[in-house]
Amino acid sequence: MDILVVGHVNSKFALMCVVPVVCCPVEQLPTITEASPSSLIAFPFDESFPMTCEAKGNPKPEFWWTKNGEEFDPYQDPRLIKEKNSGTFVIPNTGNLTEYQGTYRCYASNKLGTAITEEVEFVVPHVPKFPKEKIDPIEVEEGQPVILECNPPKGIPPLQIYWMTIGLQHIEQDDRVSIGLNGDLFFSNALEKDSHRDYCCFAAFPKIRTIVQKNAMSVIVKSTNSIMEREPSLLMPSGVKSETQLVKGDELLLECIAEGFPTPMIEWLKIDHRLPDRVTIENHGKLLSIDQVDEDDKGKYMCKATNIHGMAVHYFDVSVEEPPQWVSEPESQLSMIGSDVLINCSATGTPQPTIQWMVNGKPIEGMFSVYLNKTCILLRTSPGLPIGAQLMDFIVYSNSTDSAVYQCEASNRHGTLLANANIMIMSKFMGLHWNKEDSTGSLEGLRFTVHQNGSLEIYNVEKEDMGQYTCYTKNTEGTSAITALLDVKGIQLNKIKHFFKHPSLGPCINRLSLFFSADRYFIEDGILQIVNVSHRDQGMYKCVASTPMDQDTASALLMVLDIPHAPENLLLSEHKGRSVKLKWIPGEDHNSSTTEFIIEYEESQWEPGTWRELQRVPGNHGSAVLKLYGHVNYRFRVSGVNTVGRGRPSEPTERYKTPPAAPDKNPENIKIEGHLPHEMDINWEPLSPIEHNGPGLEYKVSYKRQHVEEDWQEHLVKRHSFVVKDTPTFVPYEIRIQARNHHGWGPEPKVVTGYSGEDFPSAAPDDVAVEVMNNSLVKVSWMRVHKDKLHGHLGGYRISWWRLRSLLDSKKTHGDKHTLTFPGDRNHAMVPGLTPFSEYSLIIMTFNRRGNGPGSHAVNFKTPEGVPERTPVFRVTDVQKHTVTLTWAPPLEANGVLTGYLLEYQLINNTEEVGVLQTVDISNPDTTMWVLQNLEAISRYKFYLRPCTRVGCGPRVSKESTTTPERGQRSTGNISEAVNSSKTFHVIEGLELGTVYTVRLMTNNWVDNTSIFEYVIRTRAKVRISTQGWFIGLMCVAALLTLMVLIACFVNRNKGGKYSVKEKEDLHPDLESQGIHDDTFCEYSDNDEKPLKGSQHSLSGQIKAEGSGDSLVDYGDEDIQFNEDGSFIGEYAGRKEKKGSMEVKGTTNQSTA
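The rules behind each value
Residues numbered from 1 in each chain as written. Predicted model: local features only at pLDDT ≥ 70, side-chain atom pairs only at ≥ 80, totals over all residues. Heavy atoms only, no water. Helix = DSSP H or I, 4+ residues; strand = E, 2+ residues; numbered from the N terminus. Buried < 20%, exposed > 50% of the residue type's maximum accessible area, 1.4 Å probe, protein only. Contact = heavy atoms within 4.5 Å. Areas by Shrake-Rupley, 256 points an atom, 1.4 Å probe, with all protein chains shown as cover. Pairing = 2+ DSSP bridges. Core = buried A, V, L, I, M, F, W, Y, C linked by side-chain atoms within 4.5 Å. Disulfide = S-S within 2.5 Å.

1. A short note on the overall build of the protein
Scanning the protein from terminus to terminus reveals 4 helices and 80 strands. The buried share of the protein, taken over its 1153 residues, is 39%. The long-range fraction of contacts in the protein, counting pairs at least 24 apart against all pairs at least 6 apart in sequence, stands at 64%. Here the protein displays about 66600 Å² of accessible surface, and carbon together with sulfur accounts for 50% of that area.

So, in structure tokens, the structure goes:
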């Protein structure tokens, strides 16, 4: 290569040797450029799922995959979609994805090494389902707790739980009723109104767009004359203490649900600290949440459930852990054979991550030695030693084949980090020298200087210096040279200088690679960009712009900011019992001045291993005097803070134990409550264990009535509560609490004021009046209860009301009772949410902390008429070419006198404009079906329906339907009146003979198409009895029997004339036996009212107790329907009228004495 350089006489000039030796295309180790996330969920509504793996390198990398640790070839599965010259493959959603579930990893390899991705878990979610089970009804007495278990199925989070009735009405939550984090429904104390047979748990999985429902549960609450009051106990969680572990950035959720009566109230505390400002209290005080927790949120939390009878507590020990984070991520390096290669890799996290080293994707143990605690590997490359040669100091020698991709994987139970470091080992530079064409040896002399980077500098250039210069360079791979031509002219320029990097990094590297590592440094349009800046990047950067005639430079100082380094050399001095002086040497501030130091302590008795902040000092201090508690074995550590953040803490000091002393403080947050009329409960926040200052801590409780001349009553207790017995009801007391231990008393306590126990109010509000504001809102006013009748602190007023009846119904019932609470001193309130056109009853009472006072006299009022609710059912039941049949159900609440319906419809074909809105005014309120005619064929219509009262029309419901191209043959259905639920049958009249019908039994709310049962029946065809063979045969038999009877009677009469006895009897008849012989078998009567004996039997052979004497002939010309057994279906129709009737009785045998 020849270079022409123009110089000037007497100038200073430099020739650069930048010749690559034994040039070849630049080779690069594989580098992963794009990869799938660590978790890939196969949602059922996605069409495909790409497993992404892209990499660069020279030679071009080849890709291969593993699944669950075993080799996996996507090209062997024809169902997978592959991309050319790429490691990416796509899993199509063909419905069978379970076989692809597993953990995948991609490898990108060329002859220099192998890069790998993090493991990718491909998750195929299953459709969550509740198990089919029979749930027995739950029976409890009123006031007892109830838990309805949901036990939702597992699925892709987030999980949302809803409790509703079968009618999709949400279960209202309040202080007494709540849904727990586990999905269960809790009743702190059950009331009679909680009795329902359709409690349903719904589990929603939004990510997979699925909602599943558990079988309905039944709760039966048995009423009792008096509910047993009791102190609180916790339903959730169980026990006294629990541990909660979170990952930094997660949401902290702590839950306490208590049972008891009256309903307990929940209070939250953080031991030794106030609750963080980011705390949110939800679910009526039962749920504490902190979004994105950090290290400061760990500690011990307490929930306290209290009512007038006592309290229950639970402690939560919250710890915050972290997934791995890089402290020092391994970086790619370019080194010479024989030089040391140091690969740093360290990570932080809780628990401390473990480090796994790999080379080209394979574990490094057994191949190389690991330096110290697996946070770095030290390689020394040399051409003279074989691979794997090991020295005692854990240094491994290797040659240029050690070029590879080294992986560092840091993991703990919360996650895994993986980093690839490309280590390129190049040939070692072995020297260079310059020659001039007319010189026999190397250039020497005062005017010639060869710089360390290979540049030749000539001072005071002369005309004789003009000519050809050659730079010879050599490394372990070979020798090469570059030639430069120097032309010296007579014009002198100011000093010209070129800056180039020394070419000793080896062959096959372009000029950019001589300066910077290509994976972190990018130069584009004269701009140098550095990614992932580290401290080693700090320094002065110079940009050189040059031409064959001239050059220019610009410099920039790069300063890297970081958190302070940990302070060093901590020393305790000036020990003065309960104070000590702590000194330290600040660590490197990394170009951002330290603003403050944080001093922390750890003690060995109460919370060993837990570090807590003691105090802060300004950043320009190197010592602090520490004020300490007594009887504590301390050690300390210090960390610095600057504008970047808080640095890592120092190593701890040695232990320092303080001597015991009397307490420095007395209890705080003293609360005086009265749960019973003649008691006073005193509670306070106890001193933390470290504040005891010594053994034997106890408290002196002193109290006396305020404004009364009497002595202080004193008691020593070790717990943090005390109950004063036999107090007057609701009188003020002065209380003070003082701490002491075996070494003395604490400071003089402050006096606080509180009241003894409250009793129920003894009077009800007077002059209760109700003003109707509109059809759903009333204003209630009253006269306040005098304070002497309150017997406690006024809590407010409660208004209770219930619906007596709808004004459409004359019968009064006691509906569900509703209550609103209005805190504070007031004499009026608004009651919303009433049902229009109804009669209500209302009472009002006052309350204090003890409970409710007596209720006022009930006041009845009526709400005016309103518009109806929306129609619950609106359907298109039959669609023809020009007609559409609409059916609906009446509104559940008419809110007045229903006057009819407003039916509207319009054409809505797929155009920007819609048709004119047509209106049909249906004035019959009993109408539930309407046929719209003269519609356009094959057109889409939208129908609207609104029920109306005298006030107006209610909200509308809508349906859409498209008319058919041809006339259909479908028939419309009919809806019967409500079926009497106490009977097991229902008669349907008006059916046609010989016709097929579908009969459905449905619930009266008609919310969906679900029917209790459905049958298809066919009515019988018209039958004429007179044409039936069996009837004709029966008539013939009857006629024959009648003829035989007549002949027998005739013969018997003729024979009777031959006996004189007969004639004598005719002259002197026996009056007692006359009645018997009048209706003898042989006599015949043509009276229409006396049918033949034996004709009284029905077709079934049974004698009717009471009925007409009609014979089958009377019905011979009528349409009579029979079942298969010959019995009648339903009642007779169209019977002939009879002038008389007879009663058929059974015969009896009589005798005369």
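2. Overview of the pairing of strand 59 (residues 698-705)
In summary, the side chains of a regular strand alternate between the two faces of the sheet. Taking burial as the measure, the 8 residues of strand 59 include 7 buried ones, the bulk of the element. Relative to strand 62 (residues 732-741), strand 59 runs antiparallel, the two sharing 8 bridges. The residue bridging valine 701 from the neighbouring strand is isoleucine 737, located in strand 62. Pairing between strand 59 and strand 60 (residues 713-717): 5 bridges, direction antiparallel. Bridging from a neighbouring strand, lysine 700 pairs with leucine 716 of strand 60.

3. Considerations on the nonpolar core
Generally speaking, a soluble globular protein has its nonpolar side chains buried in company with each other. Ranked by internal contacts, the top residues of the largest apolar core, which has 24 residues, are Leu148, Ile161, Trp163, Leu185, Phe187 and Tyr199. Among the secondary structure elements, those contributing two or more residues to this core are strand 15 (146-148), strand 16 (160-164), strand 17 (177-179), strand 18 (185-187), strand 19 (196-205) and strand 21 (217-222). It is strand 19 that contributes the most residues to this core, 4 residues altogether.

4. Remarks on unusual backbone geometry
Note that the residue after asparagine 58, namely proline 59, is joined by a cis bond; omega there is 5°. Looking at the element boundaries, proline 59 is found in the loop between strand 6 (53-58) and strand 7 (62-67). Positioned with a positive phi, histidine 284 is a non-glycine residue whose angle comes to about 55°. Tracing the chain through its elements places histidine 284 in the loop between strand 27 (280-282) and strand 28 (287-290). In this model, asparagine 934 sits at a positive phi of 60°, which is unusual for a non-glycine residue. Checked against the element boundaries, asparagine 934 lands in the loop between strand 76 (929-932) and strand 77 (940-949). Judged by its relative accessible area of 73%, asparagine 934 falls in the exposed class.

5. Some thoughts on the state of the cysteines
Linking two cysteines covalently via their sulfur atoms produces the bond known as a disulfide. For the structure shown, the criterion picks out 5 disulfides. Between cysteine 53 and cysteine 106 runs a disulfide, and the two sulfur atoms are separated by 1.9 Å. Measuring the twist about the S-S bond at about -75°, one finds the cysteine 53-cysteine 106 disulfide to be left-handed. Here the residue cysteine 53 occupies a position in strand 6, and cysteine 106 occupies one in strand 11 (residues 102-110), the gap between them amounting to 53 residues. Relative accessible area serves as the criterion here: at 0%, cysteine 106 is assigned to the buried category. Two residues, cysteine 256 and cysteine 303, share a disulfide whose sulfurs are 1.8 Å apart. What sets the handedness of the cysteine 256 and cysteine 303 disulfide is the S-S torsion sign, and at about -70° it is left-handed. Here cysteine 256, found in the loop between strand 24 (252-255) and strand 25 (257-261), pairs with cysteine 303, found in strand 29 (residues 299-307); they are 47 residues apart in sequence, far enough to count as distant. The buried category is assigned to cysteine 256, whose relative accessible area is 0%. The class of cysteine 303 is buried, set by a relative accessible area of 0%.

By themselves, these figures tell us nothing about what the structure is for.
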